[in-house]
Amino acid sequence: MINKQNMPREEGLDHSLSLMREGYMYILNRRRSFHSDVFETRLLGKKAICMGGKEAAKVFYDTEKFQRKGAAPNRAIQTLFGQNGVQALDGQAHQHRKEMFMSIMSPDELSRLSSLTKKQWEVAIANWEQMDELIFYEETKEILCRIACEWAGVPMKEDEMKNLTKNLGAMFESAGAVGPSHWLGRNARNDVEKWMGELIEKVRQGTVKPPENTALHRFSWHRDLDGNLLDSATAAVEVINILRPIVAIAIFINFVALALHHYPEEREKLQSGDAKYAQMFIQEVRRFYPFFPFVIARVKTDFSWNGYQIEEDTLTLLDLYGTNHDPEIWDNPDVFNPARFANWEGSPFSFIPQGGGDYMMGHRCAGEWVTIEIMKVCLDFLVNQMDYEVPAQDLSYSLVSMPSIPHSQVVIKNVR
């Protein structure tokens, strides 16, 4: 066994500022310089391990070795995740809560989601035809907020939709921010959690009656392993854990529009209506473009991996973006090429845009199926059911900003 001191280590007192300066590339840059898929550093004043690649993902999602409890920094809890959500649970409690989420991912519910998405796109296009130009990112966030609320059984008044869209967007847009942007996200979460908690109480009192197959109904009446209803604050967090990620799909959809613009030959292939190629294109968008940079856990118990001794309670970051751009996994990873998925048999540890591992037993994102279903519909509308122009603008995107969004937020005009 190699002594733990032999693990590649970044010298210095703290590298939190480097992580913020380098964003998505922070872990990958050091993996390349150290020629190692694991290295030690210091973040937020404490020792941390960063790892990436297929084998690293396998060990990271081993529930005997890693846990999520106590891993996420408070600023992420206060903006992105909320208190006591499924992301922070482990063991049987996590599995039981995850089953609650997976119960609404049935084929019938995903089909209903697809129908709702089509309906909202048709309404949006009719509105866009009356506009000279529009900011696609902002418009898609509102479309997705409408879809999320209807699918989840959350009743919304028309004059409240824009404010809810803004607040849900602020939660994920502020996750890596500091200063006023961070506080905007924190205040947005507080407002939405308060409103959602009151809504759940109304469901339990019988004054609001969402359909039984929806998230609002099922989460309001979900019981924990002891047979108790979730407290209304926790149930509110979990309903928001349906709404917020659906709105965040706007990031992927904007990258779909960007890919269609930058690779016009792909649009021609997609116009054939080949469902398999559309799926390949969507998966390549999810692999190629940045979404979330990494996920966080803590070491559950001492263990040895690749000759290194990993100590209990060490903060550990798994490189999502870098794993999806790992040349050991992907040929020419920095080239956009949907054809790479033609015969791809898949692995829950090599392709991890929204996390890895098993859906039911592990921490892989329960909303991944939702993401793909919505992206399929949006891609079809962009390619086959609408025409539009993309005027000159700054379509570049930063690998420092987390999450990354094209600088112009994709302006389009003359929709018809």
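Up top is the structure these notes are about.
Residues numbered from 1 in each chain as written. Predicted model: local features only at pLDDT ≥ 70, side-chain atom pairs only at ≥ 80, totals over all residues. Heavy atoms only, no water.

1. Here we look at the overall build of the protein chain
Worth spelling out the cut-off: By the criteria applied, helices consist of DSSP H or I runs no shorter than four residues and strands consist of E runs no shorter than two, each listed in order from the N terminus. Relative accessible area decides the class of each residue, using a 1.4 Å probe on protein chains only: under 20% of the type maximum gives buried, over 50% gives exposed, and in between gives partly exposed. Contact criterion: two residues are considered in contact whenever any of their non-hydrogen atoms come within 4.5 Å of each other. Each accessible area value is a Shrake-Rupley result obtained with a 1.4 Å probe; residue values ignore everything except the protein chains displayed when judging cover.
Check the secondary structure of the protein chain and you find 15 helices and nine strands. By its C-alpha atoms, the protein chain is 65 × 55 × 40 Å across when sized along the principal axes. The buried share among the 416 residues of the protein chain stands at 54%. Partitioning the intrachain contacts of the protein chain with sequence separation of at least 6 by distance along the chain shows that 72% fall at a separation of at least 24. When the accessible surface of the protein chain is split by element, carbon and sulfur atoms take 50% of a total near 18300 Å².

2. Side note on the nonpolar core
Keep this limit in mind: Remark: nonpolar core denotes a set of buried residues (Ala, Val, Leu, Ile, Met, Phe, Trp, Tyr, Cys) joined through side-chain atoms within 4.5 Å.
Trp121, Trp128, Phe136, Met196 and Val285 are the most contacted members of the largest nonpolar core, which totals 91 residues. For this core, the leading source of residues is helix α11 (residues 232-262), giving 20 residues.

3. A few points about unusual backbone geometry
Trans is the common state for peptide bonds, and a negative phi is the common state for residues other than glycine. Here the residue pair methionine 402 and proline 403 is connected by a cis peptide bond, since its omega of 0° sits within 30 degrees of zero. Secondary-structure assignment places proline 403 in the loop between α15 (368-385) and β9 (411-413). A positive phi angle, close to 65°, is found at asparagine 84, a residue other than glycine. Within the secondary structure, asparagine 84 is located in the loop between α4 (74-81) and α5 (91-102). Classification of asparagine 84 as partly exposed rests on a relative accessible area of 48%.

4. As for helix α7 (residues 136-152)
So the rule is basically this: Given a helix with a known number of residues, its expected span is that number minus one, times 1.5 Å.
Taking 1.5 Å per residue as the helical rise, α7 with its 17 residues ought to reach 24 Å, and the 24 Å between its terminal C-alpha atoms agrees with that figure. Burial runs high along α7: 14 of the 17 residues are buried. The positive-phi residue at the C-terminal boundary of α7 is glycine 153, with phi of around 80°.

5. Looking at α11
Taking 1.5 Å per residue as the helical rise, α11 with its 31 residues ought to reach 45 Å, and the 46 Å between its terminal C-alpha atoms agrees with that figure. With 26 of 31 residues buried, α11 is to be regarded as a mostly interior element.

6. Digging into empty space enclosed by the protein
Counted only if it meets this: Throughout, the protein atoms alone are placed on a 1 Å grid, and a set of points is a cavity if a 1.4 Å probe fits but cannot get out or a pocket if it is open with protein on both sides within 12 Å along at least five of seven lines; lining residues have an atom within 4 Å of a point. Grid points are joined across faces, edges and corners, and a volume is the space filled by probe spheres set on the points. Think of it as three bins: nonpolar holds Ala, Val, Leu, Ile, Met, Phe, Trp, Tyr, Cys and Pro, charged holds Asp, Glu, Lys and Arg, and polar takes everything else, Gly as well.
Under the defined criterion, the tally for this structure stands at one cavity of 30 Å³ or more. Every residue lining the largest cavity is listed: Arg286, Arg287, Tyr289, Pro290, Phe291, Phe292, Leu320, Tyr321, Asn324, His325 and Pro353. Those elements that provide at least two residues to the lining of the largest cavity are α13 (275-288) and α14 (320-323). Within the lining of the largest cavity, the residues separate by chemical class into seven nonpolar, two polar and two charged.

7. Considerations on a nonpolar patch on the surface
Selection rule: Candidates for patches are residues over 30% relative accessible area with no salt bridge; among them, like charges are joined within 9 Å and nonpolar side chains (Val, Leu, Ile, Met, Phe, Trp, Tyr) within 5 Å. When a carboxyl oxygen of Asp or Glu lies within 4 Å of a side-chain nitrogen of Lys or Arg, that pair is called a salt bridge.
A cluster of nonpolar side chains, Leu17, Met20 and Val178, forms an exposed patch at the surface whose accessible area comes to about 280 Å². Within the secondary structure, methionine 20 is located in helix α1 (residues 16-22). In this structure methionine 20 comes out as partly exposed when scored by relative accessible area, which is 34%.

8. Some details on the state of the cysteines
Inclusion rule: Working definition: a disulfide is two cysteine sulfur atoms within 2.5 Å of each other.
All told, the structure shown has zero disulfides when counted by the stated rule. For the unlinked cysteine cysteine 378, the closest cysteine sulfur is that of cysteine 145, found at 14 Å.

9. What to know about the packing of aromatic side chains
Any two aromatic rings considered together are summarised by their centre-to-centre distance and by the angle between their planes. Selection rule: Planes of paired rings set the category: under 30 degrees apart is stacked, over 60 is edge-to-face and the rest tilted, where pairs are Phe, Tyr or Trp rings (Trp by its six-membered ring) whose centres lie within 6.5 Å. Charge over a ring is defined by NZ of Lys or CZ of Arg lying within 6 Å of the ring centre and within 35 degrees of the ring normal.
All told, the structure shown has 27 aromatic pairs when counted by the stated rule. Pairing tryptophan 121 with tryptophan 128 gives two aromatic rings, centres 5.6 Å apart and planes at 85°, and the pair type is edge-to-face. The class of tryptophan 128 is buried, set by a relative accessible area of 1%. Seen in terms of ring centroids, phenylalanine 291 and phenylalanine 292 are 5.0 Å apart; in terms of plane orientation they differ by 80°. Their pairing is edge-to-face. Its relative accessible area of 23% is what places phenylalanine 292 among the partly exposed residues. What links up through ring pairs into an aromatic cluster is the set Phe255, Tyr263, Phe281, Phe288, Tyr289, Phe336 and Tyr397. Positioned above the aromatic ring of tryptophan 330 is the side chain of arginine 287, whose terminal nitrogen or guanidinium carbon lies 5.6 Å from the ring centre.

10. Considerations on the packing of α5 against α11
Going by this rule: A fitted line through C-alpha atoms represents every axis, and for helices the fit uses only the stretch in contact; the resulting angles, taken between N-to-C directions, go from 0 to 180 degrees. When an angle is under 35 degrees it counts as roughly parallel; over 145 it counts as roughly antiparallel; between 65 and 115 it counts as roughly perpendicular; any other value is oblique. Note on convention: the crossing is left-handed when the near helix lies turned anticlockwise from the far helix by less than a right angle, right-handed when the turn is clockwise.
Where α5 contacts α11, the two axes come as close as 11 Å, and the packing angle between them is 50°. The angle between α5 and α11 falls in the class oblique. Considering how the two elements wind past one another, α5 and α11 form a crossing that is right-handed. In this structure, α5 contributes Arg97, Met100 and Phe101 to the contact, and α11 contributes Thr234, Glu238, Asn241 and Ile242. Here the contact of α5 with α11 is built from residues that sort into three nonpolar, two polar and two charged.

Everything listed here is a matter of geometry and, on its own, says nothing about what the molecule does.
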